Amino acid sequence: MTDTKTIGISTGGGDCPGLNAVIRAATRAAILQYGWRVIGITDGLDGLIWPERSRELTMDSISGILPRGGTILGTTNRGNPLRYKVTENGCEVVRDLTPQIMENARKLGLDAVIIIGGDGTQAIGLELFRRGLKVVGVPKTIDNDLSATDVTFGFDTALHTCTDAIDKLFSTAESHHRIMVVEVMGRDAGWIALQAGLAGGAHVILIPEIQFNIRKVCDFILQRDHRGRKFTIVVVAEGIRPGSDLRASYEQEKRMYPRAGAAGNLIGDALGMHTKKDVRVTVLGHVQRGGSPSPFDRILSTRFGVEAVELIARGEFGKMVALRGRRVEAVDIAEACGAMKRVNPGGEMVRIARAIGVCFGD
Ligand code: F6P
């Protein structure tokens, strides 16, 4: 065991269900197993830029947070501290705040910091590690697109939310003989769309990894109609890859609606125009990031939190916890950065979907 006495915990990037469960598990393990002090660093790494905003986490202060969505520490997906935008003399300049962060970590007495976040946050953690901060990483994202871990916590809860929404849209789609388009998150990966689509029994699934042709989707829907199946559920990933027929409109739509809805509305309009059927579009948006974590995510988060503390205890810095098969293991943080995990269009999950008649529009 090392002589570490005080550790920091930070949550960075977009929030996701299970963050509080990691904070709770790491804090409890640090206090109960090792008698360490734990400092909660607020709003990503802002609490190391302004250390007065950081606060001690105690058994009392983390009580009851296991089922809560979000993060009690706050988070941000803006303001990389290594390239921080500040206004000086009326001009915006970019500053590297590493020296300030290192100095404040020292002032707070931090011997190590657990950084919970997705690829962007882990890349910042890796850079700080290379500059001397003792960092261990915990992967998170509802997108499940980190290649270093089989699963990220938050993904399962997002799947539950999306599947529940698809279930609900089924009955209204069927009653009105409509096409229901559901846009889900996932950035440039189609995991949420593919798995929620499968779980919800969607008829069409459009994901970034498979280029589609809208005409093929329309033909599929019209054939269903012909067979008496007058409604269709279409799950659309926000990062879809349209063929040349829709590409320009998609780029334009994304410029007009950069936050959400570009993909779903584009597909909805195109399907309505070509099939002449009634279409409604639902953009699930940030609903997918909220809510209480599922039991799976609570347990995975707890395992990750405890293992992160164990890594610190063993002095294994620059590492990130990861689920490999059934085991939680340590991998180099570098492995988590850059290499995105995307759906394999030739993989088992897509093959299964095709086998049961799901249309990918290709
Ligand atoms: O990476 C998680 C995620 O929820 C993506 O699925 C989505 O594209 C993005 O974050 C949304 O980010 P923001 O909260 O900045 O709108």
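Computed from a prediction, not measured in an experiment: that's the story for all the values here.

## Overview of the site of the ligand
Part 1: Around the ligand, the neighbouring residues are N77, I142, D143, M185, G186, R187, E238, H286 and R289.
Part 2: One nitrogen or oxygen atom from the main chain of G186 is found 3.2 Å from an oxygen atom belonging to the ligand.
Part 3: Protein contact buries 71% of the 400 Å² of open area that the ligand shows by itself.
Part 4: Residue classes in the shell around the ligand are distributed as two nonpolar, three polar and four charged.

## Let's talk about the domain arrangement of the protein
Part 1: On domain assignment, one finds that the protein holds domain 1 (6–153 + 293–336) and domain 2 (157–289).
Part 2: Taken together, the contact pairs twelve residues of domain 1 with eleven residues of domain 2.
Part 3: Together domain 1 and domain 2 conceal approximately 1000 Å² of surface at their shared face, both sides included; 48% is due to carbon and sulfur atoms.
Part 4: On the surface where domain 1 and domain 2 come into contact, there are four salt bridges.
Part 5: Looking at side-chain class alone, the side of domain 1 that touches domain 2 contains four nonpolar, three polar and five charged residues.

## Observations concerning the sheet that holds strand β6 (residues 112–117)
Part 1: What the seven strands build is an open sheet, ordered β3-β2-β1-β6-β7-β12-β13; its pairing is mixed. Unpaired on one side and paired on the other, β3 (55–57) and β13 (327–332) mark the two borders of the sheet. Strand after strand, the sheet turns through a mean of 30° between neighbouring axes, direction not considered.
Part 2: Across five bridges, the pairing between β6 and strand β7 (residues 135–139) is parallel. In the sheet register, V113 faces β7, and the bridge partner there is V135.

## Considering the packing of aromatic side chains
Part 1: What the rule picks out here adds up to four aromatic pairs.
Part 2: Geometrically, the ring pair formed by F170 and F231 is edge-to-face, given 5.6 Å between the ring centres and 75° between the ring planes. Pair noted here: F170 is in helix α5 (residues 155–176) and F231 is in the loop between α7 (214–226) and β10 (232–237), with a separation of 61 residues, a long-range link. Neither residue differs from the other here; F170 and F231 are each classed as buried.
Part 3: Directly above the ring of W50 sits R53, whose terminal nitrogen or CZ lies 4.3 Å from the centroid.

Definitions and cut-offs
Residues numbered from 1 in each chain as written. Predicted model: local features only at pLDDT ≥ 70, side-chain atom pairs only at ≥ 80, totals over all residues. Heavy atoms only, no water. Near = heavy atom within 4 Å. Polar contact = N/O pair within 3.5 Å; in protein donor to acceptor, adjacent residues only side chain to side chain. Areas by Shrake-Rupley, 256 points an atom, 1.4 Å probe, with all protein chains shown as cover. Nonpolar A, V, L, I, M, F, W, Y, C, P; charged D, E, K, R; others polar. Domains from an automatic or database assignment. Contact = heavy atoms within 4.5 Å. Buried area = accessible area lost by both parts, 1.4 Å probe. Salt bridge = Lys/Arg side-chain N within 4 Å of Asp/Glu carboxyl O. Pairing = 2+ DSSP bridges. Helix = DSSP H or I, 4+ residues; strand = E, 2+ residues; numbered from the N terminus. Axes fitted to C-alpha atoms, helices over the stretch in contact; angles between N-to-C directions. Phe/Tyr/Trp six-rings, centres within 6.5 Å; stacked < 30°, edge-to-face > 60°. Buried < 20%, exposed > 50% of the residue type's maximum accessible area, 1.4 Å probe, protein only. Lys NZ or Arg CZ within 6 Å of the ring centre and 35° of its normal.

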